[in-house]
Amino acid sequence: MPRWAIVTAHGDAESSRYYIASELEGSEGEALAALQNAVDAFQKAHSARPSKRQQRQVFRVSERSYFVRVSHRGYSDQAHFTLAELVADTHDDDLPDTVADLTAKP
């Protein structure tokens, strides 16, 4: 079964920090649903009054990648979420050790 990671870059472009927000096993559809949940959970707008609520914008970069920007009274935050599939692992006999092994012909 495919293994996935939701990779997040958080902060300004010059000082972004990358980390794995979560890992899961499942189909691509299940992994995409987990990605969408992670994006939707990031800095949700809390106030019901539109004039007081923060502005939250979500940009689709690709089928597996979203950029979220949140602004509220001089405060801003942003994060980039990407769904990544595990394709090489030196500790898994079912996967090649390197990416080059993926394209090597027998």
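Here's a quick rundown of the structure. Note on numbering: residues in each chain are counted from 1, in written sequence order. Given that this is a predicted model, residues contribute local features only at a pLDDT of at least 70 and side-chain atom pairs are listed and counted only at 80 or more, while totals for whole chains, interfaces and linings are drawn from all residues. Side-chain figures throughout are based on the complete set of non-hydrogen atoms in the structure, without hydrogens or water.

Labels follow the DSSP assignment, with helices taken as runs of H or I lasting at least four residues and strands as runs of E lasting at least two, numbered in each case from the N terminus. Checked against the element boundaries, F42 lands in the loop between helix 1 (28-41) and strand 3 (55-62). Partly exposed describes any residue whose relative accessible area lies between the buried limit of under 20% and the exposed limit of over 50%, with all areas from a 1.4 Å probe on protein chains only and scaled to the type maximum. You can call F42 buried: its relative accessible area is 12%. Residues F42 and D77, 35 residues apart in the sequence, show an inter-C-alpha distance of 9.9 Å. For F42, the residues in contact, after removing those within four places along its chain, are H10, R56, V68, V70, D77, Q78, A79 and F81. Two residues form a contact once any of their heavy atoms are found within 4.5 Å.

The subject of this paragraph is a nonpolar patch on the surface. A residue counts toward a patch only above 30% relative accessible area and without a salt bridge, and it is joined to like-charged neighbours within 9 Å or, for Val, Leu, Ile, Met, Phe, Trp and Tyr, to nonpolar neighbours within 5 Å. Throughout, the Shrake-Rupley method with a 1.4 Å probe supplies accessible areas, and for residues the shown protein chains are the sole cover considered. Any carboxyl oxygen of Asp or Glu within 4 Å of a side-chain nitrogen of Lys or Arg constitutes a salt bridge here. Together, V87, V99 and L102 give the surface a local cluster of nonpolar side chains, amounting to about 240 Å² of exposed area. On the secondary structure map, L102 appears in helix 2 (residues 100-103).

Charged-residue counts in this description rest on Lys and Arg as positive and Asp and Glu as negative, His and the chain ends being excluded. Each charge is placed at NZ for Lys, CZ for Arg, CG for Asp and CD for Glu. Taken together, the side chains of D93, D94, D97 and D101 present a region of like negative charge at the surface. Within the element layout of this structure, D97 appears in the loop between strand 5 (75-85) and helix 2. The class for D97 is partly exposed, based on a relative accessible area of 47%.

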